[in-house]
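Structure assessment
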Amino acid sequence: MDMQVAKKKLGLKERYAVMTRGLDWTPSYQKMEDIYPYIAYEGIKIHDWDKWEDPFRLTMDAYWKYQAEKERKLYAIIDAFNQNNGHLNVTDARYVNTVKLFISGISPLEYVAHRGFAHAGRAFPGPGPRVACLMQSLDEIRHAQTQVHAISNYNKYYNGMHDFHHMHDRVWFLSVPKSFFDDAITAGPFEFMVSIGFSFEYVLTNLLFVPFVSGAAYNGDMGTMTFGFSAQSDEARHMTLGLEVIKFILEQDPANVPIVQRWIDKWTWRGYRVLTLVAMMMDYMLPKRTMSWKEAWEVYFEENGGALFKDLARYGITMPKCAEQIALEKDHLSHQAWSTFYNYAAAANFHTWMPDEDEMAWLSSKYPESFDKHYRPRYEFWREQAAKGNRFYNKTLPMLCQTCQIPMLFTEPGDPTKICYREVDYKGDKYHFCSDHCKEIFEHEPEKYVQAWLPVHQIYQGNCFPEGTDPTVEGFDPLAAVLKYYNLEHGRDNLDFDISEDKKNFAEWRGQATKNI
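All of the points below concern the structure found in this document. A quick note: this is a predicted structure, and the numbers were derived from the prediction, not measured.

Moving on to unusual backbone geometry. Note: most peptide bonds trans; most residues except glycine with negative phi. Even without being a glycine, Gln405 presents a positive backbone phi close to 70 degrees. Tracing the sequence through the fold places Gln405 in the loop between helix H17 (371–387) and strand S1 (411–412). The phi dihedral of Leu495 falls on the positive side, at around 65 degrees, and the residue is not glycine. Position of Leu495 relative to the elements: it lies in the loop between helix H21 (478–486) and helix H22 (501–514). Judged by its relative accessible area of 11%, Leu495 falls in the buried class.

This is how it looks when you write it as structure tokens:
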């Protein structure tokens, strides 16, 4: 009779090896370069794929177990929030506009990230990064789904969220985050990992998720806060993946260092430009604020990022050269962005407003060197004009930066009174840029960026009108046609918050919820 002995429980490393063994076989009847066609053309040299190990060693069976537990808790809270009309417990209806910005500007990016990591994982011959990319790909599509489900309750009551995926592909300002991911996903797999896995997930993602999720909690939005917390454990793993991959690349060959440095410089700047939307959300769109954009940048980039780049210095990596300019812009970024959206609110999918006296006092305390001198006077003038019935909506089309696709609204570094404008002549055409960094990115890859889908250019070319539109008919209104192409209803989904249906309905519904009517 055999002796009954309890089976030895495998350790995490042994279990990972068992679950992933056999994934790195050598092909016998196909060439490696045919199976992995993207692995060589970026110039990155990898000598030993086995040197990289997934720090979390997460396998598929464990993934389903952990994520299923989180899903049960998340959806229980979302259901409770919805059943108790949690949307009426937010500070005021202006907060809902941050949700509109998030669902149309961020959630679609989660889906693109899912596709990008699936593609990068397929491109890597090494099993370690391949499995890790697969896990992150699953996380990203889960994030898109949970965000859509959490925010869908707001869509029942408030305007501007009814067709967010359609808007993401068409609305003018949403081309900024869209172009960021389009740029990354059309790069090679190594650059994708540096752009999204490292520069965005590790260096910049805290500036997105921490202020937004904290802002949701501060403003009474427990549903949104809960999906943020559910995603946070995934985000920690994504950050670790981004850092480990970049260290792996740098350790493989000294020739990789200048390539990676160029990518870090490029993607830190591009990511920072995308976060312009987060800057104005923090300083202007949250009725109850957690911290200013300037404070967040100093904590999450200058302190945390500074420590990271000191660590990477042993590989020869230096702080992104754009950091010096960003330090000069942190006093101005959110104010200049909000001023632009206030003027172009007739073509956005959310409402804008002027800050009240208390909010101006808060901004003055957070930006003592810039707000009262450069921005308060114009805000007071605009508010005065609005009170007289002269609320101004700009119907012109601004010049866009060919690289980041943001209107040419930023000022010269160190001079907030002068618009920053750069241009390049390439193959007989002139291209325009908002900064030296965007100009330099274009000059390195001009053939890629001349193909950029710029909303303003597309409108002028007649490509942003509904099918069958005849712009030559008498009385043609181009703005009305473009809004129809966006699937936005003028006067309902846009314009000033003070005259919005959202404000009127919120006041009425909250009144019913808190009074014996």
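Glancing now at the pattern of salt bridges. Considering all chains together, one arrives at 39 salt bridges under this definition. Between Lys266 and Glu191 there is a salt bridge; the shortest N-O distance is 3.0 Å. Placement of Lys266 in helix H11 (residues 256–274) and of Glu191 in helix H9 (residues 189–218) is noted, with a sequence separation of 75 residues between them. Note on accessibility: Lys266 and Glu191 belong to one class, buried. Lys247 serves as the salt-bridge partner of Asp311, at 3.5 Å between the closest nitrogen and oxygen. Of the two residues, Asp311 sits in helix H13 (residues 293–312) while Lys247 sits in helix H10 (residues 222–252), which places them 64 residues apart along the sequence. Asp311 sits in the partly exposed class, given a relative accessible area of 31%. Given a relative accessible area of 14%, Lys247 falls into the buried group.

Turning to the packing of aromatic side chains, a few remarks are in order. The full count for this structure, using the stated rule, is 39 aromatic pairs. A centroid spacing of 5.1 Å and a plane angle of 80 degrees characterise the contact between Phe173 and Phe341, whose relative ring orientation is edge-to-face. Taken as a pair, Phe173 in the loop between helix H7 (164–170) and helix H8 (175–185) and Phe341 in helix H15 (residues 333–343) lie far apart in primary sequence, 168 residues in all. Note on Phe173: relative accessible area 3%, which makes it buried. Here the aromatic rings of Tyr485 and Tyr486 are separated by 6.2 Å at their centres, their planes lie at 50 degrees, and the arrangement is tilted. Of the two residues examined, Tyr485 and Tyr486, each falls in the buried class. Each member of the aromatic cluster is reached from another via a ring pair, and the members are Tyr284, Trp338, Tyr342, Trp353, Phe371, Tyr379, Trp382 and Phe497. When the ring centre of Phe410 is taken as reference, the NZ or CZ atom of Arg273 above it lies at 3.8 Å.

The pairing of S1 with strand S2 (residues 415–419) spans 2 bridges and is classified as antiparallel. Following the sheet pairing, Thr411 is matched in S2 by Ile419. As consecutive antiparallel partners, S1 and S2 are separated by 2 residues, and within that stretch Gly414 has a phi angle of approximately 90 degrees, a positive value.

Here we come to the packing of H8 against H9. Running from amino to carboxyl end, H8 crosses H9 at an angle of 135 degrees, the nearest separation of the two axes being 7 Å. Between H8 and H9, the angle is such that the two are oblique. Judged by residue contacts, Phe180, Phe181, Ala184 and Ile185 of H8 engage Phe192, Ser195, Ile196 and Phe200 from H9. Classifying every residue of the contact of H8 with H9 by side-chain character gives 7 nonpolar, 1 polar and no charged.

Turning to the pairing of strand S3 (residues 422–426), a few remarks are in order. Because side chains alternate across S3, one face comprises the buried residues Arg422, Val424 and Tyr426, and the other comprises Glu423 and Asp425, none of which is buried. Between S3 and strand S4 (residues 429–433), which pair antiparallel and follow one another directly, the connecting turn spans 2 residues, one of which, Lys427, has a positive phi of 50 degrees.

Now for the environment of Met360. Examined against the element boundaries, Met360 turns out to sit in helix H16 (residues 357–366). Since its relative accessible area comes to 0%, Met360 is described here as buried. It is 26 Å that separates the C-alpha atoms of Met360 and Phe301, two residues lying 59 residues apart in sequence. Every residue in contact with Met360, bar those within four places of it in the chain, is listed here: Pro355, Phe371, Arg376, Tyr379, Glu380 and Arg383.

Next up on the list: the side chain of Thr403. Relative to the helices and strands, Thr403 is located in the loop between H17 and S1. Exposure remark for Thr403: the relative accessible area of 2% places this residue in the buried category. Polar side-chain contacts of Thr403 include one of 2.9 Å to the backbone oxygen of Cys438. The contacts of Thr403, once residues within four sequence positions are left out, are Ser179, Arg270, Phe433, Cys438, Ile441, Phe442 and Tyr449.

This part is about the packing of H9 against H11. Packing of H9 against H11 leaves a shortest axis separation of 9 Å and a crossing angle of 50 degrees. The orientation of H9 with respect to H11, classified from their angle, is oblique. Of the two elements, H9 crosses H11, and the hand of that crossing is right-handed. In contact with Phe190, Glu191, Val194, Ser195, Phe198, Ser199 and Leu204 of H9, H11 contributes Trp263, Ile264, Lys266, Trp267, Thr268, Gly271 and Tyr272. Looking at the contact of H9 with H11 residue by residue, the class counts come to 8 nonpolar, 4 polar and 2 charged.

Bringing the environment of Ile185 into the picture now. One can find Ile185 in helix H8. Assessed through its relative accessible area of 21%, Ile185 is described here as partly exposed. Distance in space between the C-alpha atoms of Ile185 and Ser195 is 9.3 Å, their sequence separation being 10 residues.

Next up on the list: the side chain of Asn256. Residue placement: Asn256 occurs in helix H11. The buried category is assigned to Asn256, whose relative accessible area is 0%. Within the local environment of Asn256, its side chain forms a polar contact with the backbone nitrogen of Lys45, the two atoms lying 2.8 Å apart. Only 2.9 Å separates the side chain of Asn256 from the backbone oxygen of Ile249, close enough to count as a polar contact. Setting aside anything within four residues of it in sequence, one finds Asn256 in contact with Gly43, Ile44, Lys45 and Ile249.

Counting 145 residues, the largest nonpolar core has Phe173 and Trp293 as the members making the most contacts within it. Among the elements that take part in this core, H9 stands out by supplying 15 residues, more than any other. If sequence neighbours within four positions are ignored, Trp293 has contacts with Leu207, Tyr272, Leu275, Ala279, Met282, Asp283, Lys330, Leu333 and Tyr367. Listed in part, the 6 residues of the second largest apolar core include Tyr16, Ala62, Val131 and Met135.

Definitions and cut-offs
Residues numbered from 1 in each chain as written. Predicted model: local features only at pLDDT ≥ 70, side-chain atom pairs only at ≥ 80, totals over all residues. Heavy atoms only, no water. Helix = DSSP H or I, 4+ residues; strand = E, 2+ residues; numbered from the N terminus. Buried < 20%, exposed > 50% of the residue type's maximum accessible area, 1.4 Å probe, protein only. Salt bridge = Lys/Arg side-chain N within 4 Å of Asp/Glu carboxyl O. Phe/Tyr/Trp six-rings, centres within 6.5 Å; stacked < 30°, edge-to-face > 60°. Lys NZ or Arg CZ within 6 Å of the ring centre and 35° of its normal. Pairing = 2+ DSSP bridges. Axes fitted to C-alpha atoms, helices over the stretch in contact; angles between N-to-C directions. Parallel < 35°, antiparallel > 145°, perpendicular 65-115°, else oblique. Contact = heavy atoms within 4.5 Å. Nonpolar A, V, L, I, M, F, W, Y, C, P; charged D, E, K, R; others polar. Polar contact = N/O pair within 3.5 Å; in protein donor to acceptor, adjacent residues only side chain to side chain. Left-handed = near helix turned anticlockwise from the far one by under 90°. Core = buried A, V, L, I, M, F, W, Y, C linked by side-chain atoms within 4.5 Å.

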